[in-house]
Structures are given as structure tokens and as C-alpha cells.
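Here is what each chain is made of, one letter per residue.
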Amino acid sequence: MTTKHITFAVTGMTCASCSGRVERALRKAEGVVEANVNLATEQAHVEYDPQQAQPQALIATVERSGYGVITEQVELPVTGMTCASCSGRVERALRKAEGVVEANVNLATERASITYAPGVASLDTLRAAVEKAGYGVIMPAAESAQVDSEAQARQAELDEKRRKLVVAVIFTLPLFVVSMARDLGFIQPWLIGAGRAIAEQMPSMPMDEMMKMIPARDDLLNWIFLALATPVQLYSGRSFYIHAWKALRARTANMDTLIALGSSAAYLYSLAVLLAGMAGHVYFETAAVIITLILVGKFLEARAKSQTGAAIRALIGLQPKTARVLRGGAEAEVPLAEVRAGDIVSVRPGEKVPTDGVITMGQSTVDESMITGESMPVQKNVGDSVIGATINRAGAFQFRATRVGKDTALAQIVRLVQEAQGSKAPVQQLVDKVSAVFVPVVIGIAALTFVAWMLATGDFTQALIFAVAVLVIACPCALGLATPTAIMVGTGTGAAHGILIKNAEALERASKLTTVIFDKTGTITEGRPSVTDMVGADEARLLRLAASAERASEHPLGEAVVRAAQERGVALAQPQQFEALAGHGIQAMVDGAAVLVGSPRLMAERGIEIGALRGEIERMQREAKTAVVVSADGAALGALGIADTLKPTSAAAIDELKRRGAAVLMLTGDNRATAEAIARQVGLDAAEVRAEVLPEMKAAEVKRAQEQGATVAMVGDGINDAPALAQADVGVAMGAGTDVAMETADLTLLRGDLRAVAQAITLSQRTMATIRWNLFWAFIYNVIGIPLAAGLLYAPLGIQLSPMIAAGAMACSSVFVVSNSLRLRGVRL
């Protein structure tokens, strides 16, 4: 079954109960394979079968659950359509585009009306879909000034929260001050004195009659309290009632239900006392303060949550808006969206590199720190690759664009970080189970509290106060935000340091690593070996045959042989019948001779005698060089010594891992003598080396360590490492390696510095520690707070938690969790 994935922004969620309800609704929808809803990012990630479900149906499912989905609508003029078949083709192409919810194409007006999920689709992807179908698009003139629709919608939500909070504070502050003044006895003498002063100015009227004309002070104040509390209840608290009603219609409950019940109980009880003229205390200030304090907490929470996505926004903001492209022999500045693969792009000193490519003219140094985390600028010459969004420091150069749009390194990094931030850690499973029943349980506890205190005291007001306190102190928000906010900040911090984390599960596993296994070539070493020795009667023929045979090879050793021949001006032949012998070498026909290039072990297996070369081969191996034997038509011609230099930080990285108590192993296909020579240079002993390991054996070595109880990370960079990366508990790919390795790996290190392995482990451990602390405080807050609010200590100690204090505590709990997660932004790696 072929599935599709869509991510859309959900509005209206306030707690873990909300995200859980949306998630359950989506999972029940026909055609949905998997659905995850993240409260922190406020996004739904859905994998579905396009044969059974469509995006608009998924959005309708969310809306039926009582929540909204942020979508964008645009009309694009389409060129080249001539008949209904054309419009139908364009319509189908658009509907297949990722992130498109609905598309309708009108042949008469030659316009496409498209509804899409911003952040998933964009005008660029829509245009690409139309052009792939064979038609053109006239892009809007204001394309370069597009706004981020989701960011705009989130900002509108924040602005609305701010307005409601301001109104709540304006009315609640005087209500609270006057109410407290009355309760403390400050208002009573003032009212009596004011009445006497008025009576004295009207001496013809007896004092007692004058006092009767002044409304009773309690009634007067109670009506004032009602006037102040009502705007808070009906305007500032309106969203709580709307969301609570939607939850009720969906036969569930959430945080809004608790707030609506708690504030309504205080407000309606006070209103009944006032209208009925009963002798009783009113609690208008309690109802207003509950809503105001919760709004303060939600506003601060929203602001803090917006900072958790700062890493993504920073990455997206790196992309330049325009590029200088050679068109018709002249430079033309065009919008970045118009750059195509194959275009020649010019970059001047101080400018950002617009997209990925290969330098064709000029040289410079490029600051790649914003992508790789590497602080030192990198020298770039003709033939070197450049990454979009990096900064050209010194010289000017031209490059051929190789990857544009969503295929660039930056776009893929953004996608990986977004997917990681939207994923769930295994520890979240417990939270989801608790959140599913949390609110109904709290409502039940509040009801039991009310009944128990009524039976114990017969005091309706006292019982109501305890029940309201229970409702408003319970906080499912803190539980819901404990894990995803830490994941968001942790993965974002990793990206800022050149460490890409595939998902939350990998992040959690990385914190438990006990063994780290390194591939040698391209991981511990630079991966750019060079020929240092040539041993043979005819060195020119030896190098020509070896390099000609290796021309079709992608192995670093083969590339070193070819490069050595080119540097010496050796004319190469085109090989025939080329075959790579994985882990051994290669064979090919060159100039009519059957050439074999590979390890001494390969020669022994093929029955080729190398006795005369054995002494030189052993010398090379002692010097940490790889000995490659070359034979033609079954006879050994000589041997090449190839050395691969160590990365400057390899020894320090391995030392740091050992200092932390991790076991470290090195895998290599080299012979043991060469492998041990390299190992000594990085501080490994013979027992920590696995030499002459074939590609298919690397995964077996990882599995062997796992069977001994180790939690294993495999660090590699090549296609041959992919099975081992997949077998490991945590696969770590070097960013300079192949796409296959990076796709298989759980973590990708964008720079070649192996110290990033220890940094990734540190980050994962700090992130998991933050999650555990978040969950601890979220659980302990509710475990302690709910019994206190229910009056557990009232009878023995006289300690009572008022609903206002409960509301303040509830607001602080969510803010604390998010703020604690934000501390990860400052973690030192």
C-alpha cells in the first residue's frame, strides 16, 4: 500500500486532552494509517492511504472534533490550457501535490483555486506541480513578500489572548481590590462616614431617613461586583465556554471544561444570591480572578511555546530571497523560486549562497557554521560543493545549481527537524494514557469533594469552594507539554550545533548508549586517502592498469588511485567488464588484460602468488597504510600503499567517550596490522579493533554487542555502513557521507568532527532529564495540589486552598514546564 503524509496546523487545543481527542478522531478516520498530534507544535502529522482518504476529509475530522485547521487559499492563473482535458490534468496534478487540501481549475477563467496547508505546500510547490503537468503559472507579483500563514494565524491567536487578558485585568483588578477591602473591613467605616456627611448637608431631613435613602452597602457593592465580573466572564472567558461546549458535544472533557465549571460555579452561585436577595457572601471576584489568572498563564505559555520553535524559524530565515543567475550571457537577479537545476549562479563576497551546487569558476572561503555548526570557514575551489544559505566570505565565484527548492540541504534539514519535533518519545505513551482519563477523573473528584463536605458540614458555600478549587487547580496542560516542548527545544538545539535527530525515539535511545562503534574510513579518518608508495618492476604500467580499472569505482581507495594517476599525467583507458568485489577490491578488463586490484587476501583467494611483495606489504601495514595489490592475467605486478590521514579530533572524541564510561570499538575492512596502527593513534588497543570486516559482517558485529547487553551506536558514512546503522540502537551518519547512510541513520552529524557524537549523547541525556523533571513536577503538582484543594488539611490544620490561589498555581504549572524546557537552548555541548 502506498501511503501519503500530511502535516497541518491545528487551532483551539489547550491541553493534552484536546490533542488526545484530535489524535483519536484522526486514527478512527477511514484510510488513516497513523496519526500523531503534538500539543507543543500544535500540529497533526497524518499518514494515510490516498485511495481511502483525502486531506479535506481529514481536516473535516479535526473540525468535527471541535477544533480548527489553518489553511491558505490562493488563485493562480494557469497558461497553456486548451480544453477540459487540460484543466482536468492540472487539477489532478495539484490534488496530488503534498499539502494540497482541495484544487479546482476553471478552464473558462484559466485559473486554479487551491486550498493548501501552509508550511507543507507553498506557491513554489504548487507551481512545480502545474509545470510538471506541462502547463505554466503566472505567479503573483507579491510572491517575494509572502507571509507565513501559520505564523500569522498563531500571532493572531496570541494577539487575541492579549486583548482578552487586558480586558480581564482592567475589570478584575478593581473587583479584587474592593472585594478584599470589604472583607477586611476597610469599606464599612467609609460608607457610614459618607452617609453622615450627606445627611449633615440636609438638616431638614432626619438622619435615620437619610440613611434609608442610601442603598445597603453590601447590595450596592454586590451589584458593582456583578458589573465588573460579567465582562470577564462573557468576553475574556468566552473561549473556555466555547471549547468546553465543543468537548461536551464530542462526549469528552478537557481543561476548558474544568475552568468553565469552576468559574461558572462561583459566578452563578453569586448571581443567585444577589438576585434572590439571600443573605450570603458572593464570589464574583473568585470567578473573575480564576479566569484572569488562567489567561495570564495561557498567554505566558503561548509566548514561551513560540520560542521553542525558534530553531526552525532561524533555519528557514537563512534562505536568501533572490539569486544572481546568468541568463543570456548577462547576470540577472531573480527570485530564488525561479532558479532551476543547471543554472549558473554568481556569488559575490559577503553574499549568501542561494542554493546547493558545484563551483565552476573562482574560489573563496565559505562560512558554513549556520548549517554544520563548524565555526571555521571552509576553503572552496573549482569542483567543490557549496550549500545553500551559507555565507561567502572572501572571493567571488560561480557555481552550477544542482539542488533547488525542497531538494536543498537546508530544506531537508528543516524537514528532518520538523519531523523530529513532531514525533513522540516512548515516555509520552504513559502521559497519553493519563491524559485520556485525567479530566473526567478530576470532575469526579470535585463532585465527591462537594458531596463529602456537604455531608460533613451541611455548608453549601464551603463545599462549593472546595469543589471549585479542585476543578481549577488540576492541570492537564503541564502533563501534555512536559514531553513535546523538551523534544522541540532539544532537537532545535541539536540542529543549531550541526546534529540532526531523526525522531524523539532516537533521542531517548541515545541517552542510554553504552557502546559506540566507529567505522574507520571517512569516520575516524578523513576518507580522502592518497597513494604514498608504489612497489613494482614497472610503476608506470602498474599505476595505469590500477587507475584505469578503478575509474568506475566509488570507493575512497579507488578514487585515491585514480587521483594519483591524474596528478602524474598518466593516460587512462576505459575499463570493461567492471565488477566491484565488496570488501575485497575490484576486477575489470583493461587493454585486454584481466586486472584485479585488491587486498592480499583477495589475491590469496584467487591463487595469485605475492611472495616477493610480502615484505613491502608488511612494512606498509606497520606504517598504517593500506596495501593494495595489482595483478594482470593472474600475475602480481606490484603493490600500492595508500594512507588515509586521521581527522584532527578523532583521538579527542574517542578519549571523551571513554572518559564517560562508554565502550568504543573500531570496524574496518583493512588487515589487522594496518587497523591496529590506526587504532594506536586514536587511543584504542587491539581488543577494541575488529579488522578485515566485510560490509555484511558490520551489522553482525553490532548485533553481537547488542546480544551481550550493550546499547549500541554505530557511526559511519558509507553505503556499506547502512545495514549496520539500521541494526544499531542508534545509527549515526556523518553528514559528508552518502544519502543512503543519512536516510538510514537516527542521528546525522553535519560536520566531520567526531566530538559531535559525545555532544549528541550529552544533548539526549539533558533532554531526557528535562522531560523527567517536567513529568515529575507535572505529576507531583497534581498529586499534591488536588488533595489540598479538596480540603485534606482543612479539618486537622485549618489549611484551605482558595480557588484564586488554585487558579494561580494552575497557571504557573504550565509556564514552569515550558520555561524549564527552554533552558535546553543554553545547554553547553
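Each value, and the rule that gives it
Residue positions within a chain follow its written sequence, with the count starting from 1. Local features in a predicted model are, by the rule used here, given only for residues with pLDDT of at least 70; side-chain atom pairs are given and counted only at 80 or more, and totals for whole chains, interfaces and linings are based on all residues. Note that the side-chain values use all heavy atoms of the structure and ignore hydrogens as well as water. A run of H or I in DSSP becomes a helix once it reaches four residues, and a run of E becomes a strand once it reaches two; helices and strands are each numbered from the N terminus. Partly exposed residues are those whose accessible area sits between 20% and 50% of the maximum for their type, while under 20% is buried and over 50% is exposed, using a 1.4 Å probe and protein chains only. Should any heavy atoms of two residues lie within 4.5 Å, those residues are counted as being in contact. The method behind every accessible area is Shrake-Rupley, applied with a 1.4 Å probe, and residues are considered shielded solely by the protein chains displayed. Here, any two strands with at least 2 DSSP bridges between them count as paired. Throughout this description, the term salt bridge denotes a Lys or Arg side-chain nitrogen within 4 Å of a carboxyl oxygen of Asp or Glu. Scored from 0 to 100, pLDDT reflects the predictor's confidence in each residue.

J.: Got a minute to help me understand the overall build of the chain in this structure?
T.: Across its full length, the chain carries 31 helices and 30 strands. Considering the chain as a whole, with its 829 residues, one finds that 52% of them fall into the buried category. Relative to all contacts within the chain whose residues are 6 or more apart in sequence, the contacts with residues 24 or more apart total 69%. Within the structure as shown, the chain displays about 36,400 Å² of accessible surface, and the carbon and sulfur contribution to it stands at 56%.

J.: Explain the pairing of strand 26 (residues 663-667) here, please?
T.: Regular strands place their side chains on alternate faces of the sheet. Of all 5 residues making up strand 26, 4 are buried, and the element is well covered by its neighbours. Of the strand pairs in this sheet, strand 19 (residues 515-519) and strand 26 are connected by 5 bridges, and their pairing is parallel. By the bridge assignment for strand 26, Phe-518 is matched with Met-666. As judged from the 2 bridges shared by strand 26 and strand 27 (residues 689-690), these two strands associate in the parallel manner.

J.: Quick question: what am I supposed to make of the pattern of salt bridges here?
T.: Two side chains bearing opposite charge may form a pair once their charged atoms approach each other closely. Tallied over the entire structure, the rule returns 33 salt bridges. Taking the shortest distance from any N to any O, the salt bridge between Arg-348 and Glu-331 comes out at 3.4 Å. Of this pair, Arg-348 sits in the loop between strand 11 (344-347) and strand 12 (356-362) while Glu-331 is found in strand 10 (residues 330-335), placing the two residues 17 residues apart along the sequence. Take Arg-348: its relative accessible area is 42%, and that puts it in the partly exposed class. What emerges from the salt-bridge pattern is a single network uniting Asp-533, Glu-616, Arg-619, Glu-623 and Lys-625.

J.: Please explain the pairing of strand 9 (residues 322-327) as it appears in this structure.
T.: Sheet topology places strand 9 next to strand 10; 6 bridges connect them, and they run antiparallel. Within strand 10, the residue paired with Arg-327 across the bridge is Ala-330. Counting the residues that bridge the hairpin from strand 9 to strand 10 gives 2 residues, and of these Gly-328 lies at a positive phi of roughly 65°. Across 2 bridges, strand 9 lies against strand 11 in antiparallel orientation. Within strand 11, the position partnered with Val-325 by the bridge is Val-345.

J.: Sorry, what's going on with the sheet that holds strand 27 here?
T.: Adjacent strands of a sheet pair through backbone hydrogen bonds, lying either parallel or antiparallel. Spatially, 7 strands are ordered 18-30-29-28-19-26-27 in an open sheet, and the strand pairing comes out mixed. Of all the strands in the sheet, the pair left with one neighbour each is strand 18 (499-501) and strand 27.

J.: Is there a simple way to explain the confidence of the model for the chain in this structure?
T.: Detailed reading of predicted coordinates is not advised where the pLDDT is low. Mean pLDDT for the chain: 83, with 90% of residues reaching 70 or above. Taken as a whole, residues 141-147 scores under 50 in pLDDT and shows 5 contacts with residues more than four places along the chain or in a different chain. Scored below 50 in pLDDT, residues 213-217 shows 6 contacts in the model against residues more than four places distant or in partner chains.

J.: Looking at this structure, how should I read the sheet that holds strand 16 (residues 391-392)?
T.: Across the sheet, which stays open at both edges, the 3 strands sit in the order 14-13-16 with antiparallel pairing between neighbours. For this open sheet the edge positions go to strand 14 (378-380) and strand 16, each flanked by a neighbour on one side alone.

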